[in-house]
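Spelled out from the first residue to the last, the chains are:
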Protein chains: 2
Amino acid sequence: MTAYGEGEFAATLDAQWSVGSRLHGGYLLAVLGRAAGESVAGGGHPHVTAVSGTFVEPPEPGPAAARVETLRVGRTVAQVRAALVQEGRLRVEAHITLGLLDEADPWWSAHEPVRLPPEQDCFLMPVDPPGATLSVPLMGVIEERLDPEHLAFAAGAPSGRGVMASWQRLADGSDWDPLSLLVALDPVPPVSFDLGLSGWVPTIQLSAYLRRLPAPGPVRVRLAATDIAGERMDEVAHVWDDKGRLVAQATQLAAVRLPDRR
Amino acid sequence: MTAYGEGEFAATLDAQWSVGSRLHGGYLLAVLGRAAGESVAGGGHPHVTAVSGTFVEPPEPGPAAARVETLRVGRTVAQVRAALVQEGRLRVEAHITLGLLDEADPWWSAHEPVRLPPEQDCFLMPVDPPGATLSVPLMGVIEERLDPEHLAFAAGAPSGRGVMASWQRLADGSDWDPLSLLVALDPVPPVSFDLGLSGWVPTIQLSAYLRRLPAPGPVRVRLAATDIAGERMDEVAHVWDDKGRLVAQATQLAAVRLPDRR
């Protein structure tokens, strides 16, 4: 990513971070988050702490521009607006809050990490799922192991509970950081698969909070839906690090195509 | 609210919608949501379905401008950016998604409404709480009855569970709608009171989804925190209508002042 003007950065969108032919939403927010961080560098706000993105039009792999406008830089919080533009058209726009994260335990927490079988007993998601109509290049850069209990959809018998849980690592062996966690927060497959809905569920809006710096090692991710109606589904994601601490959380609203009422 | 130019609306911020001397965040998002709705009127997107606001600087009661820029108008979804500006300075900026809500039951739901004692057995929140250092004008326009179980903070013995639940009505007797529900989603007092933290918790970022049109009558609201660390707290809100259906949900990140570690 190269700065070529005040608040404007050149980015190359990498097709590896795709699901089918669509670039992954969390990856696009990470690109904007990186530009935001460079834009307010030096101010004591090294980490993205909150991102709220609105997805306007899917971009294509290849060159794009990230335009960052600073809204406010305070003592502990910096706020920017960041736009991902390609071929002169707005593709994703986000409000990004920056601050300082650390590895400290929570002062208070109501959350226990999701229970999962040991990592090696979970199902490694393939780039080319057998029988699937599309390939998932993202699974070449994210090593995701799905709880076998949530794999029933693949055998045509979805559980109907509306939950997906998995272990995730970065395939190149690097550790998670606040930007890559934005990818972990929007996992594949969507919860709708566990409800018998197999179609594409494009994100309309996604808000993510980064809560602390993750410990080295894999993260555990739990994705759950609350309510589906009117071709809209929410998905709530939580990510815990290898020490069992909540490191990130997100809520998204996605469009979903519904069959006739059950 | 008067349109005085392409995408620009004059608003008067009403001090009634305040907590202490600060205008309520959900009210400010409702002002922007109303401007957004007028801005894309006529396109079959009558309702706000998602709002994600970033709070830059608290506005004062009195005149302000709402500036709306349309990002995309599609068949079922319209997306805009809306800025609340006062004295030439940006106070709140939001991405707002508009669409069509109805009263239909969910196709699928994992959510049961919060259990509350009958409305008349809950504690009516006063404008001037005895012993409190600030008055809450908002309680003159919202009739909020708090579950007595969550009132222990007022006696100096907070439960430590990090939950607040209440019945809410609009005090003028009108029914809830998608815009007023934005106020219900950010209730007073904050969850931090239930954890022994009595200070002000300014919202940094709030994302709300409106899920369906509410039935007439009161709504039930549940607010819960997940994790508090590094002077940041998340609060997750759910609102159910009188028929027990989820009508709105929100997640916010707020700044919180922490005492020394317990």
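- As annotated in an unreviewed UniProt entry, chain A carries the name Acyl-CoA thioesterase and comes from Nonomuraea fuscirosea.

### Digging into the side chain of threonine 251 of chain A
Turning to step 1, where the next piece is worked out: Turning to its location among the elements, threonine 251 of chain A is positioned in strand β16 (residues 246-255).
Turning to step 2, where the next piece is worked out: Accessibility expressed as a relative area gives 9% for threonine 251 of chain A, which makes it buried.
Turning to step 3, where the next piece is worked out: Among the polar contacts listed, one links the side chain of threonine 251 of chain A to the side chain of threonine 251 of chain B, at a separation of 3.1 Å.
Turning to step 4, where the next piece is worked out: Contact partners of threonine 251 of chain A, with chain neighbours within four places excluded, come to Gln205, Leu206, Ser207, Glu235 and Val236 of chain A together with Tyr209 and Thr251 of chain B.

### Here we look at the interface of chain B and chain A
Turning to step 1, where the next piece is worked out: If you look at the interface, chain B gives 56 residues, while chain A gives 55 residues.
Turning to step 2, where the next piece is worked out: Of the roughly 5000 Å² buried between chain B and chain A on both sides combined, carbon and sulfur atoms contribute 52%.
Turning to step 3, where the next piece is worked out: For the pair chain B and chain A, the number of links is eight salt bridges.
Turning to step 4, where the next piece is worked out: Among the ionic pairs, aspartate 227 of chain B bridges to arginine 211 of chain A, the shortest N-O distance being 3.9 Å.
Turning to step 5, where the next piece is worked out: Joining chain B to chain A, the criterion identifies 42 residue pairs in polar contact (both at pLDDT 80 or more).
Turning to step 6, where the next piece is worked out: Class assignment for the residues of the side of chain B that touches chain A results in 26 nonpolar, 17 polar and 13 charged.
Turning to step 7, where the next piece is worked out: Of the strand pairs in this sheet, strand β9 (residues 108-109) of chain A and strand β14 (residues 219-229) of chain B are connected by two bridges, and their pairing is antiparallel. Bridged to serine 109 of chain A within β14 of chain B is aspartate 227 of chain B.

### Things to note about the relation of the copies chain B and chain A
Turning to step 1, where the next piece is worked out: Laying chain B over chain A is done by rotating through 180 degrees and shifting 0.0 Å along the axis; what remains is an RMSD of 0.0 Å. Both copies of the chain, as the preceding transformation shows, are related through a two-fold rotation axis.
Turning to step 2, where the next piece is worked out: When you check the interface residues of chain B against chain A, 98% turn up at the interface there too, and the contact is symmetric in its surfaces.

### Concerning the domain arrangement of chain A
Residue and element names in this part refer to chain A.
Turning to step 1, where the next piece is worked out: Here chain A is partitioned into domain 1 (1-100) and domain 2 (116-262).
Turning to step 2, where the next piece is worked out: For the pair domain 1 and domain 2, the summed buried area comes to about 2000 Å², and 67% of that belongs to carbon and sulfur atoms.
Turning to step 3, where the next piece is worked out: Among the residues of domain 1 in contact with domain 2, Trp17, Val19 and His24 are the three that bury the most area, contributing 25% of the side total.
Turning to step 4, where the next piece is worked out: For the pair domain 1 and domain 2, the interface holds 10 residue pairs in polar contact (both at pLDDT 80 or more).
Turning to step 5, where the next piece is worked out: Within the residue set of the side of domain 1 that touches domain 2, elements represented by two or more residues are β3 (18-19), α1 (25-39) and β5 (47-55).
Turning to step 6, where the next piece is worked out: Here the side of domain 1 that touches domain 2 takes nine residues from β5, the largest share from any one element.
Turning to step 7, where the next piece is worked out: A class-by-class count of the residues in the side of domain 1 that touches domain 2 yields 10 nonpolar, 12 polar and two charged.

### So, the packing of aromatic side chains
Residue and element names in this part refer to chain A.
Turning to step 1, where the next piece is worked out: Counted under the stated rule, the structure contains four aromatic pairs over all chains.
Turning to step 2, where the next piece is worked out: Taken together, a centroid distance of 5.4 Å and an interplanar angle of 0 degrees make the contact between tryptophan 17 and tyrosine 27 stacked. Remark: tyrosine 27 occurs in helix α1 and tryptophan 17 occurs in the loop between β2 (8-13) and β3; sequence separation between them is 10 residues. The pair tryptophan 17 / tyrosine 27 is uniform in exposure class, with both members buried.
Turning to step 3, where the next piece is worked out: Their ring planes at 75 degrees and their centres at 5.3 Å tell us that phenylalanine 153 and phenylalanine 193 sit as a pair that is edge-to-face. You can see phenylalanine 153 sitting in the loop between β11 (142-146) and β12 (163-170) and its partner phenylalanine 193 sitting in the loop between α2 (181-184) and β13 (203-210), a full 40 residues away along the chain.

What counts and how
Residues numbered from 1 in each chain as written. Chains lettered and ligands numbered in written order. Predicted model: local features only at pLDDT ≥ 70, side-chain atom pairs only at ≥ 80, totals over all residues. Heavy atoms only, no water. Helix = DSSP H or I, 4+ residues; strand = E, 2+ residues; numbered from the N terminus. Buried < 20%, exposed > 50% of the residue type's maximum accessible area, 1.4 Å probe, protein only. Polar contact = N/O pair within 3.5 Å; in protein donor to acceptor, adjacent residues only side chain to side chain. Contact = heavy atoms within 4.5 Å. Buried area = accessible area lost by both parts, 1.4 Å probe. Salt bridge = Lys/Arg side-chain N within 4 Å of Asp/Glu carboxyl O. Nonpolar A, V, L, I, M, F, W, Y, C, P; charged D, E, K, R; others polar. Pairing = 2+ DSSP bridges. Least-squares fit on C-alpha atoms with pLDDT ≥ 70 in both. Domains from an automatic or database assignment. Phe/Tyr/Trp six-rings, centres within 6.5 Å; stacked < 30°, edge-to-face > 60°.

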